[in-house]
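Single-letter residue listing:
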Amino acid sequence: MIYNPQQYKIKDEAMKPFIDTDEIWDTLRNIHPTKEQVRAIINKALNKHRLSMLETAVLVNTTDPELIEEIKQGARTLKEKVYGHRIVLFAPLYIGNLCTNNCAYCGYKASNKEVERITLDKDEIVRQVKALEDAGQKRLILVYGEHKKYGPEFIAESVRTVYKVKSGNGEIRRVNINAAPLDIDGFKTVKESEIGTYQIFQETYHPEIYKKVHLSGKKRDYDWRLTALDRAMEAGIDDVGIGALFGLYDWRFEVLALIRHVNHFEAVYNVGPHTISFPRIQHASELDIDKSYLVSDEDFTKLVAILRLAVPYTGLILTARESPEIRDEIMQFGVSQIDGGTNIEMKAYAEKEDAHNQDINKEQFKINDDRSLNEIMDDLIEHKFIPSFCTACYRLGRTGEHFMEFSVPGFIKRYCTPNAILTLVEYLEDYAPQETKEKGYQLIEEKMAEIEDDKYVEKVRERIEKIKSGVRDLYF
Ligand code: SF4
Ligand code: SF4
């Protein structure tokens, strides 16, 4: 893709809050990485220091295959060092697909008359959540279209409904939100329902491309969306997730813009976002975008590795838009969370027999990993990852600043790994078939050997026995 600065020049100077299109492009144009620079930057990241936008640009502009390999290896090492061999699992639940926007890349755009528009009522939410709990899910992200029906009260009420559902030993312990931007009062209302993360993706950080792909509706307002999570912060939600939809514009630009967004939060609120997501465009009903920006597997792997190095303490989310093969490949470069057992068709979790029949007119986009939660658990265990449903920090108030504060050397070993083991034991006892159960306990034994402190091993073993005897929800 050839960059033509005139083509994408910002017309309105007022549209320059903290994302400066020219600054990002000038950075990308003027950086010509040397081996020494790339290696020094990888080393800096391996010492768990955040990278600046300039340093990130050096990695982005690296084209030498040998150095790209070193970047990937660096990300792999850092992932091990910071997160351990552990993957947090969640599932998305679509609450309503009414939408007044026309996003060129989305199957739920208002102009798509083929879509069946559904909003889950209370009983239907309960039915879906029971099905999710019966599969073993503990963490959900609720997804809403942008529509006046889905105001703050509606969102808060649906969150409260989800938390109340208990099926057998099942319960949802963390509800995250992916919904339209709100004003500060709206965010306060949603916060009161005790959400986890509020996630809003800018989709593309490039203002002009943004206008091109957001054809009508409230979402067309770039600034309102870009500043949404600032309003969330002002409202006291200090746990936010950002993201870009890769494939709308040049991936190199989007990576630097994401880093700018992180810098902005750190500078203003002294805390970065909890997570970064990087969905990649896949087929959607009536997909109507410039396909020249679609990101190849090779560039996608590289950009995930770069993000890992650039923001060592930020969670990276890889969704079921990607195929199982790509997910297996990319997970090792620094992903910390994936969705599992995903079905984005409205009402589909409770209708198991239809779960694998994807109808693109009932979905926002196509997913490429439609394995059941257990298939994914089994696969993670095979690959020696501990699948985790841990929600301990959030429930102990260790979110936002605290999350950062606690993400220090030793924390993962003392808290995250044991908590991952405990949630895995719950899963193995309550939901896993015999074969997964055996493999799971074998993995737990291997991981216990990695916890160096004997006293701690003893404490974890005590809790495992308690879970086996029927106690639930134990954490450090
Ligand atoms: Fe509506 Fe979201 Fe789809 Fe845009 S991406 S059309 S806002 S559901
Ligand atoms: Fe996340 Fe905290 Fe659990 Fe670690 S202990 S996995 S940081 S919630």
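Small disclaimer: the values here were computed from a predicted structure and weren't measured. Numbers given for residues are sequential positions, taken from 1 along each chain in its written order. Chain letters start at A and ligand numbers start at 1, both assigned in the order the entries are written. At least 70 in pLDDT is required for a residue's local features to be given in this predicted model, at least 80 for side-chain atom pairs to be given and counted, and no such filter applies to totals for whole chains, interfaces and linings, which use all residues. With hydrogens and water excluded, all non-hydrogen atoms of the structure serve as input to the side-chain values.

Student: Can you walk me through the overall build of the chain in this structure?
Tutor: For helices the rule is a DSSP run of H or I covering at least 4 residues; for strands it is a run of E covering at least 2, with both sets numbered from the N terminus onward. In terms of regular secondary structure, the chain is built from 19 helices and 11 strands. In terms of its C-alpha atoms, the chain occupies a principal-axis envelope of roughly 65 × 55 × 40 Å. The proportion of buried residues among the 476 residues of the chain is 60%. Long-range pairs, those at least 24 residues apart, make up 75% of the contacts in the chain between residues at least 6 apart in sequence. For the accessible areas, the method is Shrake-Rupley and the probe is 1.4 Å, while residue cover comes only from the protein chains on display. Here the chain has roughly 18,800 Å² of accessible surface; of this, 49% comes from carbon and sulfur atoms. Three labels apply to residues, based on accessible area from a 1.4 Å probe with only protein chains included: buried if under 20% of the type maximum, exposed if over 50%, partly exposed otherwise in between. When checking whether two residues touch, look at their non-hydrogen atoms; a contact exists if any pair is within 4.5 Å.

Student: Where do I start with the site of ligand 2 in this structure?
Tutor: Around ligand 2 sit nine residues in total, of which Arg86, Cys390, Cys393, Cys416 and Asn419 are the nearest. Sorting the residues of the shell around ligand 2 by element identifies helix H15 (392-395) and helix H17 (411-430) as the ones contributing at least two each. Here the shell around ligand 2 gets three residues from one element, more than from any other, and that element is H17. Along the lines of polarity and charge, the residues of the shell around ligand 2 split into six nonpolar, one polar and two charged. Where each domain begins and ends follows an automated or database-derived domain assignment. Split by domain, the shell around ligand 2 shows at least three residues from each of two domains, domain 1 (77-405) and domain 2 (409-468). If even one non-hydrogen atom of a residue comes within 4 Å of a molecule or strand, that residue is called near it. Amino acids are sorted into nonpolar (Ala, Val, Leu, Ile, Met, Phe, Trp, Tyr, Cys and Pro), charged (Asp, Glu, Lys and Arg) and polar (every other residue, Gly among them).

Student: Explain the packing of aromatic side chains here, please?
Tutor: Between two aromatic rings, the relevant description is the distance of the centres plus the angle of the planes. Note on aromatic contacts: the rings of Phe and Tyr and the six-membered ring of Trp form a pair at centre separations within 6.5 Å, being stacked when their planes are under 30 degrees apart, edge-to-face when over 60 apart, and tilted otherwise. Using the criterion set out here, one finds 15 aromatic pairs in the structure. Judged by centre distance (6.1 Å) and plane angle (40°), the rings of Phe265 and Tyr269 are tilted. Taken together, the positions of Phe265 and Tyr269, both in helix H11 (residues 251-269) and four residues apart, correspond to about one turn of that helix. For the pair formed by Phe265 and Tyr269, the shared burial category is buried. An aromatic cluster is built from Trp25, Tyr249, Phe253 and Tyr293, whose rings are joined through pairwise contacts. Over a ring means this: the NZ of a Lys or the CZ of an Arg is within 6 Å of the ring centre and within 35 degrees of the ring normal. When the ring centre of Tyr394 is taken as reference, the NZ or CZ atom of Arg174 above it lies at 4.9 Å. The ring of Trp224 is capped by Arg231, whose NZ or CZ atom sits 3.4 Å from the centre of that ring.

Student: Hey, could you run me through the pairing of strand S9 (residues 315-318) in this one?
Tutor: Regular strands show a simple pattern: their side chains alternate between the two faces of the sheet. Burial of the side chains of S9 extends over both faces: Gly315 and Ile317 are buried on one face and Leu316 and Leu318 on the other. Pairing between two strands is assigned when DSSP locates at least 2 bridges connecting them. Here strand S8 (residues 275-277) runs beside S9; their pairing, made up of three bridges, is parallel. Bridging from a neighbouring strand, Ser277 pairs with Ile317 of S9. Taken together, the two bridges between S9 and strand S10 (residues 337-339) define a ladder with parallel strand orientation.

Student: Looking at this structure, how should I read helix H18 (residues 434-448)?
Tutor: The α-helix advances 3.6 residues per turn, and as a result positions three or four apart in sequence lie on the same side. Along its 15 residues, H18 runs 21 Å from first to last C-alpha, staying within 8% of the 21 Å computed at 1.5 Å per residue. Buried residues belonging to H18 abut helix H14 (373-382), strand S11 (386-388), H17 and helix H19 (454-468). For a helix, the expected span equals 1.5 Å multiplied by the residue count minus one.

Student: Before we go on, may I ask you to explain unusual backbone geometry in this structure?
Tutor: Trans is the prevailing form of peptide bonds, just as negative phi is the prevailing case for residues other than glycine. Positive phi, normally seen in glycine, also occurs at Asn270, with a value near 65°. Relative to the assigned elements, Asn270 resides in the loop between H11 and S8. Among the residues examined, Asn270 registers a relative accessible area of 59% and is labelled exposed. The phi angle at Lys347 is positive, at roughly 65°, despite the residue not being glycine. By the element assignment, Lys347 lies in the loop between S10 and H14.

Student: What's the story with the site of ligand 1 in this structure? I'm lost.
Tutor: With respect to spatial proximity, the complete set of residues near ligand 1 consists of Cys99, Asn101, Cys103, Tyr105, Cys106, Tyr108, Lys109, Lys219 and Gln364. Across the shell around ligand 1, the residue classes break down as five nonpolar, two polar and two charged.

Student: Mind showing me how you'd approach helix H6 (residues 152-164) here?
Tutor: For H6, with 13 residues, the first-to-last C-alpha span of 19 Å sits near the 18 Å given by 1.5 Å per residue. All of the buried residues along H6 are Ile155, Ala156, Ser158, Val159, Thr161, Val162 and Tyr163.

Student: Help me understand the nonpolar core, please; the structure alone is not making it clear to me.
Tutor: Counting residues in each nonpolar core, the largest one holds 150 residues, and the members touching the most others are Leu142, Ile177, Tyr198, Tyr205 and Phe278. Residue contributions to this core peak at 10 residues, all from H11. With sequence-adjacent residues up to four places away left out, Phe278 is seen in contact with Ala244, Phe246, Phe300, Val304, Leu307, Leu316, Ile317, Leu318 and Val335. Put simply, a nonpolar core is a bunch of buried Ala, Val, Leu, Ile, Met, Phe, Trp, Tyr and Cys residues held in one set by side-chain atoms that sit within 4.5 Å of each other.

Student: I'm lost on the pairing of strand S1 (residues 86-96) in this one. Help?
Tutor: A large share of S1 lies buried, amounting to 11 of its 11 residues. Note: S1 against S11, three bridges, orientation parallel. Directly across from Val88, in S11, lies its bridge partner Ser388. Sheet analysis places S1 next to strand S2 (residues 139-144), joined by five bridges and oriented parallel. Residue pairing across strands places Ala91 opposite Leu140, the latter belonging to S2. Seen with its strands pointing away from the viewer, a crossover is right-handed if its path from the first strand over the helix to the second goes clockwise. On the question of chirality, the crossover connecting S1 to the parallel S2 by way of helix H5 (residues 122-135) is right-handed.

Student: In this structure, what is going on with the side chain of His214? I would like to understand it.
Tutor: With respect to the secondary-structure elements, His214 resides in the loop between helix H8 (207-213) and helix H9 (222-226). Polar contacts, as counted here, are pairs of nitrogen or oxygen atoms within 3.5 Å of one another; within protein the pair requires one atom able to donate a hydrogen and one able to accept it, and residues that are adjacent in sequence qualify only if both atoms are side-chain atoms. In this structure the side chain of His214 is engaged in a polar contact, spanning 2.7 Å, whose partner is the side chain of Tyr105. With residues near it in sequence (within four places) discarded, His214 still touches Asn102, Cys103, Tyr105, Glu203, Lys219 and Arg220.

Student: Is there a simple way to think about the environment of Asn263 in this case?
Tutor: Mapping Asn263 onto the fold places it in helix H11. Along the sequence, Asn263 and Pro387 sit 124 residues apart, while their C-alpha atoms lie 30 Å from each other. Once you skip the residues sitting within four places of it in the chain, Asn263 turns out to touch Arg50 and Met53.

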